[in-house]
Amino acid sequence: MKAGYDTEGGRSVGRFLGMAMREETEPDGPVRVCADVRASAAVLDADGRLHAGALFTMVDCIGGFCGGLGALPDGWVVTTNLMVRSASPVVAGPVSFETEVLRRGRSAVVTSVRATDADGQFVVAGTVTSAVLVPEGGVPQWERPARLELVEEPDIAFDEFVATEPTPDGVILELADDLRNPWGFMHGGVTSAIVDAAARRLAQATTTTDLVLHYLAPARIGPVRASGRVVGRRPDGADRKSTRLNSSHVSESRMPSSA
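Residues numbered from 1 in each chain as written. Predicted model: local features only at pLDDT ≥ 70, side-chain atom pairs only at ≥ 80, totals over all residues. Heavy atoms only, no water.

(A) Main features of the overall build of the chain. When helices and strands are counted, the chain shows four helices and 13 strands. Per-residue burial for the chain yields a buried fraction of 53% across its 259 residues. When the accessible surface of the chain is summed, it comes to about 11800 Å², and 47% of that surface belongs to carbon and sulfur atoms. (Helix = DSSP H or I, 4+ residues; strand = E, 2+ residues; numbered from the N terminus. Buried < 20%, exposed > 50% of the residue type's maximum accessible area, 1.4 Å probe, protein only. Areas by Shrake-Rupley, 256 points an atom, 1.4 Å probe, with all protein chains shown as cover.)

Written out as structure tokens, the structure is:
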């Protein structure tokens, strides 16, 4: 399978998040990548904690980058499944990420992601499953060990960067170029962010702690809608929510994306 690939695509998302990623693969060991995130004011929520949508996007970014390095030299990757569990409440940052390849198959790569705060306390853990694709212009070339310094000082908040508009049953997003991945699809982390935005709107909650996404088809053209419904309550009284994504081209949660 071949698809177009832009080597600069997706980096606007990483730069906004302040992802400084470095490969730390040991000889004969699995591909391993670490990242330090300072957690600027732009990625904090109204309570001064790490924004859940930003945190989910960070997991997708570093997990996808590690998976891509693991896929070399046969191809690069696009996210197909994302599972994340975060601490409650989430810290204000900074955070340190570690990720490594758990499994490298012919057509898929699975990576684990874990992040801790400055005191070594748990922040988030996740698993990213990615499909291996062959870009139309050839497989990206990386000097190893690879480094990706995506650090800037954003002047807007995360909710303005991923600018969703409310709908009666969720949110809607115009798909700006800055929100696309290297393949030209909606970035996998951005997909998780609009699901988070829709869930918080439906539950009238300030943060999301757990997320499971299955990406089934790409979102190439906006607007993209995330809609859902509350399906029950947990024993602690919190709402359980079911959220789906759709646009004129996509129904339900059908959007593969990549870091």
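(B) Inspection of the packing of aromatic side chains at higher detail. If you walk through the whole model with that rule in mind, you get five aromatic pairs. For the ring pair Phe65 and Trp142, a centre distance of 5.2 Å and an interplane angle of 70° mean the geometry is edge-to-face. In this pair, Phe65 sits in helix 2 (residues 52-71) while Trp142 sits in the loop between strand 7 (122-135) and strand 8 (147-150), placing the two residues 77 residues apart along the sequence. For Phe65, a relative accessible area of 4% puts it in the buried group. Here the aromatic residues Phe16, Phe158 and Phe161 are joined through ring pairs into a cluster of three or more. (Phe/Tyr/Trp six-rings, centres within 6.5 Å; stacked < 30°, edge-to-face > 60°.)

(C) Here's a closer look at the nonpolar core. Among the nonpolar cores identified, the biggest contains 70 residues, and Leu17, Met19, Met21, Leu50, Met58, Phe97 and Val162 are the most heavily contacted of them. Apart from residues lying up to four places away in sequence, Phe97 is in contact with Val33, Cys34, Ala35, Val37, Leu55, Met58, Val59, Ile62, Val113, Arg114, Ala115 and Val124. (Core = buried A, V, L, I, M, F, W, Y, C linked by side-chain atoms within 4.5 Å. Contact = heavy atoms within 4.5 Å.)

(D) Structural detail: helix 4 (residues 188-203). Spanning 16 residues, helix 4 covers 23 Å between terminal C-alpha atoms, matching the ideal 22 Å at 1.5 Å per step. For helix 4, a buried count of 14 out of 16 residues is recorded, marking the element as mostly surrounded by other parts of the structure. (Expected span 1.5 Å × (residues − 1).)

(E) Highlighting the pairing of strand 10 (residues 170-173). Bridge count for strand 9 (residues 164-167) against strand 10 is four bridges, and the pairing is antiparallel. Each residue of the ladder has a partner; that of Glu165, found in strand 10, is Ile172. With antiparallel pairing between neighbouring strands as the criterion, strand 9 and strand 10 make up a hairpin whose turn holds two residues. (Pairing = 2+ DSSP bridges.)

(F) Representation of the pattern of salt bridges within the structure. By the definition in use, this model includes 14 salt bridges. The shortest N-O distance in the salt bridge between Arg22 and Asp36 comes to 3.1 Å. Within this pair, whereas Arg22 is found in strand 2 (residues 19-23), its partner Asp36 is found in strand 3 (residues 32-37), the two being separated by 14 residues in sequence. The closest approach of N and O atoms between Asp47 and Arg49, which form a salt bridge, is 3.3 Å. Relative accessible area serves as the criterion here: at 46%, Asp47 is assigned to the partly exposed category. By sharing partners, the salt bridges in this structure join Arg22, Glu24, Arg32, Asp36 and Glu98 into a single network. (Salt bridge = Lys/Arg side-chain N within 4 Å of Asp/Glu carboxyl O.)

(G) Structural context of the environment of Ala131. In this fold, Ala131 is placed in strand 7. Given the relative accessible area of 19%, Ala131 is considered buried. On a C-alpha basis, the gap between Ala131 and Trp76 in space is 8.2 Å, while along the polypeptide they are 55 residues apart. Apart from residues no more than four positions distant in its own chain, Ala131 is found in contact with Trp76, Val77, Val78, Thr80, Ser107 and Ala108.

(H) Layout of the pairing of strand 7. Burial within strand 7 is extensive, with ten of its 14 residues counted as buried. Pairing analysis gives ten bridges linking strand 4 (residues 76-86) to strand 7, with the strands arranged antiparallel. Looking at the pairing, Val78 lines up with Ala131 of strand 7. As paired strands, strand 6 (residues 108-117) and strand 7 are joined by nine bridges and run antiparallel to one another. Within strand 7, the position partnered with Ala115 by the bridge is Val124. Hairpin connection between strand 6 and strand 7: a loop of four residues separates the two successive antiparallel strands, and Gly120 in this loop has a positive phi of roughly 80°.

(I) A look at the packing of helix 2 against helix 4. Put simply, helix 2 and helix 4 touch, their axes get as near as 8 Å, and they point 155° apart. Taken as axis vectors, helix 2 and helix 4 run roughly antiparallel relative to one another. In this structure, helix 2 meets helix 4 at a crossing whose hand is right-handed. In this structure, helix 2 uses Ala52, Gly53, Phe56, Thr57 and Asp60 to contact helix 4, whose residues at the interface are Gly188, Gly189, Val190, Ser192, Ala193 and Asp196. In terms of residue class, the contact of helix 2 with helix 4 is made up of four nonpolar, five polar and two charged. (Axes fitted to C-alpha atoms, helices over the stretch in contact; angles between N-to-C directions. Parallel < 35°, antiparallel > 145°, perpendicular 65-115°, else oblique. Left-handed = near helix turned anticlockwise from the far one by under 90°. Nonpolar A, V, L, I, M, F, W, Y, C, P; charged D, E, K, R; others polar.)

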